[in-house]
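Notes for the structure review
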Amino acid sequence: PLEGSTAQIVIARSGGALTPVDLARLADAERRVRGLDEVSAVRDQGVSADGRAATALVVSPIAVSDPDASDVVARIRTEIDRIDFGPGVEAELTGTLAAQVDTENASASASRLTAILTNVVVLVMLFLVYRSLLAPIVTLLPAVVALAVGGPVIAAASQAGWFDVSSVTQALFTVIVIGAGTDYGLFLVLRTREEIAAGHEPREAVIRSVRNVGESIASSAGTVIVALLSLLLASFGLYADLGPALAIAVAIMLVAALTLRPALVAILGRRVFWPRRITAQAEDGLWGRIAERVVSRPRRALLAGGIFLVVLALCATGFASAGFGGGGGGPSGSGSAKGDALIAAHYPEALTDPTTVVMRFDRSVWSDLGPVARAQAELSARPAFSSVSGLTDPAGTAIPAAELEELHATLGPPSRLAPAPTTDAVPAEVY
């Protein structure tokens with residue numbers, strides 16, 4: 001048996017059937033890839049029914065979650081790129097291993113971009129709110145520190161076996177820390193400005209602000225932490241691992257919000273709000289007018305808010321799960337996605353990101369493939385499957401069941417056959 005992570009080399013000619021030269025070049029690519037230390041086996045999978053594509057299975061002992069998986073995929077692709085397939089022929093590496101690596105690389109790039117854009121957007125919004133230079137930085141800086149500290153802490157907890165960290169955790173980690181940190185910062189900084197406007201010295205204003213809003217900040221963070229920890233009850237592993245990691249992130253952000261940020265505001269004092277002058281604000285303003293309208297007509301406000309939430313809830317009625325297959329390829333534009341597209345164009349649908357059904361029989365079926373054919377027919381008849389491709393399916397093997405039985409009697413088990421024909425008992429194409 002072939003054990004380990006798998007990938008697929010796929011070549012396809014756009015203008016017609018593959019030529020013997022194309023197949024020879026594919027064989028050369030298979031030989032090069034087979035020589036890599038990280039590759040345990042390469043099996044040629046033959047030509048598609050239309051003759052325009054061919055694939056080869058690559059097996060590696062490296063797990064898809066192994067940090068070295070990215071290097072393995074890069075080395076395999078380098079060996080494939082060494083072959084000049086000529087004009088009109090595409091050659092790509094796809095399959096589980098390649099798709100996972102491409103997805104993780106795209107996710108890492110997206111996480112970096114998310115962090116940059118989130119910080120830029122939040123800074124712009126804070127400049128508009130404060131209309132000062134240092135207040136946005138003081139508000140956002142503790143969140144940046146929490147990101148720098150929280151990452152290693154979560155990584156250490158994961159290495160200790162408490163939970164697993166996924167690309168989803170990494171993406172949400174950035175958004176939640178910056179979002180929560182900004183929220184808690186606004187509470188404190190704006191309240192400090194109000195206290196200074198009321199006549200208190202900056203340090204006293206910070207003390208009064210923490211005394212007044214510290215409980216609200218802690219309660220808000222505590223609610224989020226408890227909600228995230230409730231994900232430990234989830235049966236789906238991704239969600240169960242997501243909760244404690246993000247709870248740690250929010251807890252670190254809470255500590256920074258109640259210690260680092262007050263210290264920064266106390267040290268900088270009135271300079272935090274420069275160049276804006278701190279003056280007593282009129283009680284009546286935009287938000288005061290909005291609050292007055294809501295309080296004067298509470299039923300209308302409640303009805304409008306309820307209708308809005310119901311409309312949002314109705315949007316969820318159009319959701320439908322993707323099912324077992326599909327969507328398992330790499331990100332758009334990646335080599336694995338291009339390879340998936342080639343396979344989808346030249347092979348049966350069931351061979352593109354399939355769900356594999358393994359059947360075990362009491363005795364060998366090579367002398368009588370009838371049970372296999374009947375099982376495959378039953379699966380094909382079920383509406384849950386859009387297509388089924390198996391051993392007795394002409395779309396999958398192009399060899400009828402009766403001929404497969406004869407070939408087994410002549411050549412023996414397929415797993416023991418050499419990659420290239422070693423006998424004249426059957427034509428090379430059938431072999």
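See the structure printed just above.
A few points on the structure. It should be emphasised that the depicted structure is a prediction, and the values quoted were computed from it without experimental measurement.

**Things to note about the nonpolar core**
Within the largest apolar cluster, 44 residues are counted, with the highest numbers of intra-cluster contacts made by Ile154, Phe173, Val177, Tyr184 and Met253. Elements that contribute at least two residues to this core include exactly helix H3 (96–130), helix H4 (134–159), helix H5 (167–197), helix H6 (202–229) and helix H7 (237–268). The biggest single contributor to this core is H7, with 15 residues. When sequence neighbours within four positions are dropped, the list of residues in contact with isoleucine 154 reads Phe163, Val165, Phe173, Ala245, Ile248 and Ala249.

**Observations concerning the sheet that holds strand S2 (residues 41–47)**
Pairing is antiparallel across the open sheet formed by four strands, whose spatial order is S2-S3-S1-S4. With partners counted over all chains shown, the strands left at the sheet margins are S2 and strand S4 (89–94), one partner each. Averaged over all neighbouring strand pairs, the angle between strand axes comes to 15°, with direction disregarded. The strands touched by helix H1 (residues 20–34) are strand S1 (5–13), S2, strand S3 (53–60) and S4; relative to S2, the strand with the most contacts, the crossing angle is about 165°. Strands S1, S3 and S4 of the sheet are contacted by helix H2 (residues 69–81), whose axis makes an angle of about 165° with S4.

**Re the pairing of S1**
Look at any regular strand and the pattern is simple: side chains alternate between the two faces of the sheet. In terms of burial, S1 is largely enclosed, as eight of its nine residues are buried. Pairing between S1 and S3: eight bridges, direction antiparallel. In the sheet register, isoleucine 9 faces S3, and the bridge partner there is alanine 56. Alignment of S1 against S4, held across six bridges, turns out to be antiparallel. Note that in S4 the partner of alanine 12 across the bridge is glutamate 90.

**Here we look at the packing of H5 against H6**
H6 packs onto H5 with a crossing angle of 150° between their chain directions and a minimal axis gap of 8 Å. The orientation of H5 relative to H6 falls into the category roughly antiparallel. Where H5 crosses over H6, the two elements pack in a sense that is right-handed. Taking contact as the criterion, the partners of Tyr184, Phe187, Leu188, Arg191, Thr192, Glu195 and Ile196 in H5 are, on H6, Pro202, Ala205, Val206, Arg208, Ser209, Val210, Asn212, Val213, Ile217, Ser220 and Ala221.

**Thoughts on the packing of aromatic side chains**
Summed over all chains, the structure comprises one aromatic pair. A ring pair is formed by phenylalanine 236 and tyrosine 239, whose centres lie 5.2 Å apart and whose planes are at 85°; its orientation type is edge-to-face. On the basis of relative accessible area, phenylalanine 236 is assigned to the partly exposed category, the value being 47%. According to the relative accessible area criterion, tyrosine 239 is partly exposed, its value standing at 42%.

**Overview of H5**
Between its first and last C-alpha, H5 extends 45 Å over 31 residues, near the 45 Å set by a 1.5 Å rise per residue. Just beyond H5, the residue with positive phi is glycine 199, at close to 110°.

**Regarding H6**
Between its first and last C-alpha atoms H6 spans 37 Å; for 28 residues at 1.5 Å apiece the expected length is 40 Å, and the two agree. Residue valine 213 marks the point of greatest curvature in H6, where the axis turns by about 45°. Buried residues in H6 make contact with H5 and H7.

Thresholds applied
- Residues numbered from 1 in each chain as written.
- Predicted model: local features only at pLDDT ≥ 70, side-chain atom pairs only at ≥ 80, totals over all residues.
- Heavy atoms only, no water.
- Core = buried A, V, L, I, M, F, W, Y, C linked by side-chain atoms within 4.5 Å.
- Buried < 20%, exposed > 50% of the residue type's maximum accessible area, 1.4 Å probe, protein only.
- Helix = DSSP H or I, 4+ residues; strand = E, 2+ residues; numbered from the N terminus.
- Contact = heavy atoms within 4.5 Å.
- Pairing = 2+ DSSP bridges.
- Axes fitted to C-alpha atoms, helices over the stretch in contact; angles between N-to-C directions.
- Parallel < 35°, antiparallel > 145°, perpendicular 65-115°, else oblique.
- Left-handed = near helix turned anticlockwise from the far one by under 90°.
- Phe/Tyr/Trp six-rings, centres within 6.5 Å; stacked < 30°, edge-to-face > 60°.
- Expected span 1.5 Å × (residues − 1).
- Bend = angle between axes of the 7 residues up to and from the residue.

These values are about where atoms sit, not about what they do.
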